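Here's the letter readout for the chains.
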Amino acid sequence: VDIPRTSPGLPIFSHPRIHALLERILYIWSIRHPASGYVQGINDIATPFVVVLLASELKRSPEDVDVDAADDEVLDAVEAGAYWCLTKFL
């Protein structure tokens, strides 16, 4: 429910590949943390990690990131990094 509402002003977060990436991050978070599970707003905490890591992997500014040009391996690395950053943050 929260994923389509994630940062609506940023085009990157309307991309289906980013929706799938966020869904997996949040699903794994909820499975690995059954005491709290997913609570509204965790998606907003994960978004800066996704933006920074994706821009870093693609060596572009966040405004110039082209999700379609990203290889699956890049998105996998961003997903893993964002998940672990989220885990350490929370």
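Residues numbered from 1 in each chain as written. Predicted model: local features only at pLDDT ≥ 70, side-chain atom pairs only at ≥ 80, totals over all residues. Heavy atoms only, no water.

(A) Representation of the overall build of the chain. On a plain count of helices and strands, the chain comes out with 3 helices and 0 strands. Taking the principal axes of the C-alpha coordinates as reference, the chain spans close to 40 × 25 × 20 Å. Residues classed as buried in the chain amount to 38% of the 90 residues present. Considering only residue pairs separated by 6 or more positions, the chain has 64% of its internal contacts joining residues 24 or more positions apart. Surface exposure of the chain reaches about 5500 Å², of which carbon and sulfur atoms provide 58%. Averaging the coordinates of the 7 positive side-chain charges in the chain and doing the same for the 13 negative ones gives two points 6 Å apart. (Helix = DSSP H or I, 4+ residues; strand = E, 2+ residues; numbered from the N terminus. Buried < 20%, exposed > 50% of the residue type's maximum accessible area, 1.4 Å probe, protein only. Contact = heavy atoms within 4.5 Å. Areas by Shrake-Rupley, 256 points an atom, 1.4 Å probe, with all protein chains shown as cover. Lys, Arg positive; Asp, Glu negative; His and termini not counted. Charge placed at Lys NZ, Arg CZ, Asp CG, Glu CD.)

(B) Structural context of the environment of H15. Note on placement: H15 falls in the segment before α1 (16–32). For H15, a relative accessible area of 17% translates into the label buried. Between the alpha carbons of H15 and D66 there is a distance of 9.9 Å; along the sequence they are 51 residues apart.

(C) Just the packing of aromatic side chains, in detail. Within this structure, the stated rule accounts for 2 aromatic pairs. With 6.2 Å between their ring centres and 65° between their planes, F49 and F89 make a pair best called edge-to-face. One end of the pair, F49, is in helix α2 (residues 42–58); the other, F89, is in helix α3 (residues 72–89), and 40 residues separate them in sequence. Seen in terms of ring centroids, Y83 and W84 are 4.9 Å apart; in terms of plane orientation they differ by 80°. Their pairing is edge-to-face. Relative accessible area serves as the criterion here: at 7%, Y83 is assigned to the buried category. Classification of W84 as partly exposed rests on a relative accessible area of 47%. (Phe/Tyr/Trp six-rings, centres within 6.5 Å; stacked < 30°, edge-to-face > 60°.)

(D) Here's a closer look at α3. Under the 1.5 Å per step criterion, the end-to-end length of α3 is 25 Å for 18 residues, consistent within 8% with the ideal 26 Å. Within the sequence span of α3, burial applies to V74, L75, V78, E79, A82, Y83, L86 and T87. Lining the buried residues of α3 we find α1 and α2. (Expected span 1.5 Å × (residues − 1).)

(E) Local environment of the pattern of salt bridges. All chains considered together, the criterion is met by 3 salt bridges. Its salt-bridge partner being R17, residue D72 comes within 2.9 Å of it at the nearest N-O pair. One end of the pair, D72, is in helix α3; the other, R17, is in helix α1, with 55 residues separating them in the sequence. Across the pair E79 and R24 runs a salt bridge, and its minimum N-O distance is 2.7 Å. Here E79 is found in helix α3, whereas its partner R24 is found in helix α1, with 55 residues between them in sequence. Under the relative-accessibility criterion, E79 is labelled buried at 12%. For R24, a relative accessible area of 37% gives the class partly exposed. (Salt bridge = Lys/Arg side-chain N within 4 Å of Asp/Glu carboxyl O.)

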